[in-house]
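Now for the letters of each chain:
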Amino acid sequence: MQYRTLGRTGLSVSALSFGASSLGSVFRDVREAEGIRAVHAALDLGINYIDVSPYYGLTRAETVLGKALQDVPRDRFFLSTKAGRYGVDAFDMSSARLLRSLDESLTRLHTDYVDILLLHDVEFVPLQQILEESIPTLIELKRQGKIRFYGISGLPLTVFSRVLAHADLDVILSYCHYSLNDTTLLGLLPSLSERGVGVINASPLSMGLLTERGTPDWHLASAALKKACHRAAEYCRAQDKDLAQLAIQFAVSNPDIPTTLFSTANPDNVAKNVRWADEPVDPVWLENVLALLEPVQDQTWPSGLPEYTQT
C-alpha cells in the first residue's frame, strides 16, 4: 500500500481508502458481522483512512463502523464523517444541527474526535449559509478539538471553487470526477495544491457506471454515458478482465490524488481491491477502454442548486 500526504493536514493516508457507506446497506442488505469483518480486513491490509456519514443507511453505517472500530487502537486509522445531510432530501447545515450531529456521530463511532468533518453535499444548501454559518461552526469545532480538520463534499466541481473563493478549507471530497470516464478534477488540482487543500477522491467506479452490474435505477447519468460504460464493461468481460479492476488501478495511479475511497462490505472484495491497487496498470488495456469511453469523456449530471451549477 502506498501512502500520500493529504494537503496541509500532514496526514499520511493510504492511496486506497475505505468508504463505509456499504455498511449502511445502501447497495444491498449487509449483515453487521460481515461489515465488521470488511472494516478489519481493510485495516489489516494497510488501509488507514475511513470515511462515513450519518446519511448512509440513516446512521446504520456509523453504528456498524463504531462497533468495528471499538477495540481498534485509535492511532491505527484516520476517521472522517460528515454532517448536514440526513436523508434523500433532508439537509440542515445550521450551526445548532451541525453541533448536535457531530456529538451524535461521536457517540455512534465510540470516539471523542474525528480527524476530518465534512459538510455533506453542500450544493443543496445556499452558499451564503455555508459561508456565514456552517464553516464558522466547523472552525469552532476545530478550536474545541472535536475535529482536527474540516472540509466540504459535493458533486459539481463548481461547488469547491465557489466556496474556496470566500473561505479556507483543509480538505475537499470530490466524487465521480477522477475516474476512467471523467477526469475533470484534474483542472482543480493546481489551485488546490497552491492553497494546501487536501484532495479526497471518491467513487472510482462512478457509482456503478464502471462495473459489469451497471448503475442503480436512481443514477442520473445520461443514457449515452450508461451505454458507453456498459460497452466498456462488455469489452473487458470478453477479454476475461474486470472493468472495476482497471478503474481502481487508474484512480490510485495518479500521485497527485492523495487517496481514493471505495466502498464494499464484503471482506473478499476489500482484499481484491487492495490487490488491484498494488498492481500496475496495463497500458494497452487502458488505451482500449479509454477509446471506448472517449465519446462520453467528462460528461456529468446535474446536482444541487443553480447558484452552484451555473458557470
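One numbering rule holds for all chains: residues counted from 1, following each sequence as written. With pLDDT at 70 or above as the cut-off, local features in this predicted model cover only qualifying residues; side-chain atom pairs require 80 or more to be listed or tallied, and sums for whole chains, interfaces and linings still use all residues. Hydrogens and water molecules were not included; the side-chain quantities draw on all heavy atoms of the structure.

A. Looking closely at the overall build of the chain. We count a stretch as a helix when DSSP gives it H or I for four or more residues in a row; a strand needs E for two or more, and each element gets its number in order from the N terminus. Regarding its fold elements, the chain presents 11 helices and 12 strands. Against the 2.2 N^0.38 benchmark of 19 Å for 311 residues, the chain shows a C-alpha radius of gyration of 18 Å, consistent with a compact globule. In terms of principal-axis extent, the alpha carbons of the chain reach across some 55 × 45 × 35 Å. Accessibility here uses a 1.4 Å probe with only protein chains present; expressed as a share of the type maximum, an area under 20% marks a residue as buried, one over 50% as exposed, and anything in between as partly exposed. Looking at the chain as a whole, 56% of its 311 residues qualify as buried. Here the globule rule is a power law, 2.2 Å times the number of residues to the power 0.38, and the radius of gyration is based on C-alpha atoms.

B. Structural view of the sheet that holds strand 3 (residues 16-19). A pair of strands is treated as paired once DSSP finds two or more bridges between them. The 8 strands are arranged 3-4-5-8-9-10-11-12 in a closed barrel whose pairing can be described as parallel. Going across the sheet, the axis of each strand differs from the next one's by a mean of 30°, ignoring polarity. Looking at chain direction, strand 11 (residues 198-202) and strand 12 (residues 259-262) are connected through 3 bridges and run parallel. Each residue of the ladder has a partner; that of Asn201, found in strand 12, is Thr260. Here, two residues are considered to be in contact whenever any of their heavy atoms come within 4.5 Å of each other. Between the N-to-C directions of two axes lies an angle of 0 to 180 degrees, each axis being a line fitted to C-alpha atoms and, for a helix, fitted only over the stretch in contact. Its contacts with the sheet put helix 8 (residues 243-252) on strand 3, strand 11 and strand 12, and the angle it makes with strand 12 is roughly 150°.

C. A look at helix 7 (residues 223-238). Compared with the 22 Å implied by 1.5 Å per residue over 16 residues, the 22 Å span of helix 7 between its first and last C-alpha is a close match. Each element contacted by the buried residues of helix 7 is listed here: helix 8 and helix 10 (283-293). With its phi angle positive at about 60°, Asp240 sits one or two positions after the end of helix 7. Take the residue count of a helix, subtract one, and multiply by 1.5 Å to get its expected span.

D. Broad picture of unusual backbone geometry. Despite not being glycine, Thr59 shows a phi value in the positive range, around 85°. Following the sequence through the fold, Thr59 ends up in the loop between strand 4 (49-51) and helix 2 (60-69). One non-glycine residue, Cys176, lies in the positive phi region at around 65°. A residue is classified by how much of its surface remains accessible, and Cys176, at 3% relative accessible area, is buried.

E. Fine view of the side chain of Asn273. Note that Asn273 resides in helix 9 (residues 267-277). Look past the residues within four positions of Asn273 in its chain and what remains in contact with it is Leu16, Ile248, Phe262 and Thr264.

F. Spotlight on the side chain of Ser101. Locating Ser101 in the fold gives a position in helix 3 (residues 95-109). Residues contacting Ser101, with those up to four places away along its chain left out, are Pro54, Lys82, Ala83 and Tyr86.

G. Layout of empty space enclosed by the protein. Of the two site types, the cavity is a set of points on a 1 Å grid over the protein atoms alone where a 1.4 Å probe fits but cannot get out, and the pocket is an open set with protein on both sides within 12 Å along at least five of seven lines, each lined by residues with an atom within 4 Å of a point. Grid points are joined across faces, edges and corners, and a volume is the space filled by probe spheres set on the points. In total, this model carries 1 cavity of 30 Å³ or more according to the counting rule given. Roughly 40 Å³ of volume is contained in the largest cavity. Contributing to the lining of the largest cavity are Met1, Gln2, Ala15, Val252, Ala277 and Asp278. Within the lining of the largest cavity, the residues separate by chemical class into 4 nonpolar, 1 polar and 1 charged. Charged means Asp, Glu, Lys or Arg here, nonpolar means Ala, Val, Leu, Ile, Met, Phe, Trp, Tyr, Cys or Pro, and polar covers whatever is left, Gly included.

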